[in-house]
Amino acid sequence: MKKILLKILRKISLQIVLIVIFVALNVYFLTFPSKILGKIIDLLNNITQNKSIIYNYIFILIVTTLISLILRVTWKFLVACTTRILEKDLKDELFNHFLKIKLTSIQNIKNGEIMSYFVKDISEIRGLMYKLLSAGTRILFVFIIATYTMKNINTNLTISALCPIIITTYIIIILKKYLENSFKKSQKYFTNLSEYVQESTDAIRTTKAYSGETNQLKKFIKKNKILKMSNISVDLYSTLISTAVNICFGFCYGITIIYGSNLVLDNFITIGDFVAFIGYIDLFYGPVSWLPSIISKFKRAQISYYRLENVFNLEEENLELDIDENTEKIIGGISVKNLSFNYPGNIDRVLDNISIEIKEGETLGIIGTIGSGKTTLMNLILRLYPIPNGKIFIGNKDLNEIELSNLRKNISYITQDNFLFSTTIKDNITLFKDEFSDSEIIESTEKSIFSSEINNMKNGIYTIIGERGIDLSGGQKQRVVISRAFLNRSNIIIFDDTFSALDNKTEKSLLKNIKELVKEKTCIIISNRISDVKDADKIVVFDNGKIIEEGTHESLLKNNGLYSKFYLEQASMKEELL
Ligand SMILES: Nc1ncnc2c1ncn2[C@@H]1O[C@H](COP(=O)(O)OP(=O)(O)O)[C@@H](O)[C@H]1O
Ligand SMILES: [Mg+2]
């Protein structure tokens, strides 16, 4: 997180420097009205002689006020843009990180939590940056420039006039702690009360049945009273802080008027200096009253920073998402040797001593009971979870020796969960890659027996799916996903339970096209239907994480095991349907 923030800060460093310069200039020009007013007052004692000088000062006043206004608009806009860049870059970095986090780590993060990192935490960081660049820099320069200008009039007067501000700053920091504590308490009591209301409405029948209304009401009144008290203490501390600021400035003005007028009487300073001095004190009013909000922004951003840091610390997979060139073609069959597996943090064995040999260009059919570990095995072939060395090989290469993104690029994995993005059919097939022409995409939909339905849609492959587009049926969704297999040129294709929502006729035509597609490729077809796997070169039967049968369709039928049981069940179902 620190590295990422530094990287972004380096990127926006020029803007930050510009903002600091503009704010400094702005504060410098803000001292002009008081300065000029003082000068004019001093010139008034001889108005006829000094008329033209006074007019000059008025002209300077107008020009500097205009410059000050322009500077203010410029730095405000720059602060907004710069913090938006920070926000955008942080979101980019976070999303990029999410895509790379190991599945084992990301599984533990809830969906709502992910959104709050993007929406709340990043905007807290931006909020602090905004406050620091706008209010923080102004506080700094008001203290430097205004103090310096005041000191030029009279050092002792400056020290005495600013003393209350320093004391008040200290008081505010102390009061702020109490305010924060009571704010936290009030939030806790509010949640407590809301939960109680929720619970009571859920349990209203029981309450009525047992005549518990009076008790419920008593409890509510008690909780509500506690909430009221904590809210009052929040209001009290807020009022105390704003009162402290006002009293502080009362003292500042009081000291300046008493001490300053004496200095005027003793001819140490002029009346003009005295008036200008009071004007400079005004410049401190804003910065001092901003202090509480800067402190609380800082606290909130600190919490968000640590939350984000925890996410950024989650380990990433070792993959380079951008290397499109130099993709090495992976060739050869797949062999799995005595592979056992349980999901990290889970003691149940999902795969138990699995060994499979698929020669290059062959098709393997996998059939088995639900939850027997078929998808898990595919997840391991794609290295979505870590596996030990010497367990899975492609060609003669250990899977762990193949560069991760290259491995995944070389395998077309058609998944069983046909999640689609709410965008066009085209983007869902290509997964946003632009290396395919429209005619190639249309051809892939022809092969997946989807083209006639797409042709009936007004915008063809540009039809939008999902929220504001059309809704597809389960079978149509599966065919969008299957089209990807026909588009990709990978040598290894895996279909994981992707035909379940298709009708018999579509499935038959599709299987014919798939057979053609995988003629020279290594292919795995996982299905619960005998008809999908029966033509495979080899079929394995999974049950409870183990391979319990292996062979061809014919040899397995002769075995009279689970496979032939499936076959008989499915054949009788078909007869029933006919
Ligand atoms: N991410 C996971 N974490 C823990 N257990 C899982 C995970 N995914 C699947 N499982 C468990 O692993 C077993 C095998 O699941 P899976 O490989 O999806 O079966 P199949 O594809 O054969 O239906 C099931 O008991 C399932 O509950
Ligand atoms: Mg599965």
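Predicted, not measured: the structure shown is a model, and the values here were computed from it. (Residues numbered from 1 in each chain as written. Chains lettered and ligands numbered in written order. Predicted model: local features only at pLDDT ≥ 70, side-chain atom pairs only at ≥ 80, totals over all residues. Heavy atoms only, no water.)

Draft legend 1. Expanded view of the nonpolar core. Within the largest apolar cluster, 59 residues are counted, with the highest numbers of intra-cluster contacts made by M1, L94, F98, I165, F249, F284 and L308. Here this core takes 13 residues from helix α6 (residues 111-153), the largest share from any one element. Built from parts of two domains, this core gets at least three residues from each of domain 1 (1-153 + 301-317) and domain 2 (155-268). With 39 residues, the next largest nonpolar core counts F436, I465, A536 and Y563 among its residues. (Core = buried A, V, L, I, M, F, W, Y, C linked by side-chain atoms within 4.5 Å. Buried < 20%, exposed > 50% of the residue type's maximum accessible area, 1.4 Å probe, protein only. Helix = DSSP H or I, 4+ residues; strand = E, 2+ residues; numbered from the N terminus. Domains from an automatic or database assignment.)

Draft legend 2. Looking closely at the packing of aromatic side chains. Evaluated as defined, the whole model comprises 15 aromatic pairs. On the numbers, 5.3 Å between centres and 80° between planes, the contact of Y28 with F32 is edge-to-face. Plain terms: the ring middles of F421 and F432 are 5.3 Å apart, the flat faces sit at 70° to each other, and that makes the pair edge-to-face. Of this pair, F421 sits in the loop between β6 (411-414) and α13 (425-430) while F432 sits in the loop between α13 and α14 (438-447), placing them 11 residues apart in sequence. Taking NZ or CZ as reference, K35 lies 4.9 Å from the ring centre of F32, over its face. Note that K337 overlies the ring of F393, its terminal NZ or CZ placed 4.4 Å from the centroid. (Phe/Tyr/Trp six-rings, centres within 6.5 Å; stacked < 30°, edge-to-face > 60°. Lys NZ or Arg CZ within 6 Å of the ring centre and 35° of its normal.)

Draft legend 3. A look at the pattern of salt bridges. In this structure the tally under the stated criterion is 22 salt bridges. Note that K515 is salt-bridged to D535, the shortest N-O span being 3.7 Å. In this pair, K515 sits in helix α17 (residues 504-517) while D535 sits in the loop between α18 (530-533) and β9 (538-543), placing the two residues 20 residues apart along the sequence. Note on K515: relative accessible area 48%, which makes it partly exposed. (Salt bridge = Lys/Arg side-chain N within 4 Å of Asp/Glu carboxyl O.)

Draft legend 4. Representation of the coordination of the magnesium ion (ligand 2) within the structure. Within the protein, T375 (OG1) and Q416 (OE1) serve as the donor atoms for the magnesium ion (ligand 2), at 2.0 to 2.3 Å. Of this pair, T375 sits in helix α11 (residues 374-381) while Q416 is found in the loop between β6 and α13, placing the two residues 41 residues apart along the sequence. On the basis of relative accessible area, T375 is assigned to the partly exposed category, the value being 24%. You can call Q416 partly exposed: its relative accessible area is 38%. (Donors = N, O, S within 2.8 Å, 3.2 Å for Na, K, Ca; no water.)

Draft legend 5. Structural view of the pairing of β6. Of the two faces of β6, the one holding I411 and Y413 and the one holding S412 and I414 are both buried throughout. By the bridge criterion, 4 bridges tie β6 to strand β7 (residues 492-496) in an arrangement that is parallel. Along β7, the bridge assignment pairs Y413 with I494. (Pairing = 2+ DSSP bridges.)

Draft legend 6. Geometry of unusual backbone geometry. The phi torsion at R383 lies on the positive side, around 55°, for a residue other than glycine. The phi torsion at N544 lies on the positive side, around 50°, for a residue other than glycine. Mapped onto the elements, N544 comes out in the loop between β9 and β10 (546-551).

The values are spatial; any link to function lies outside them.
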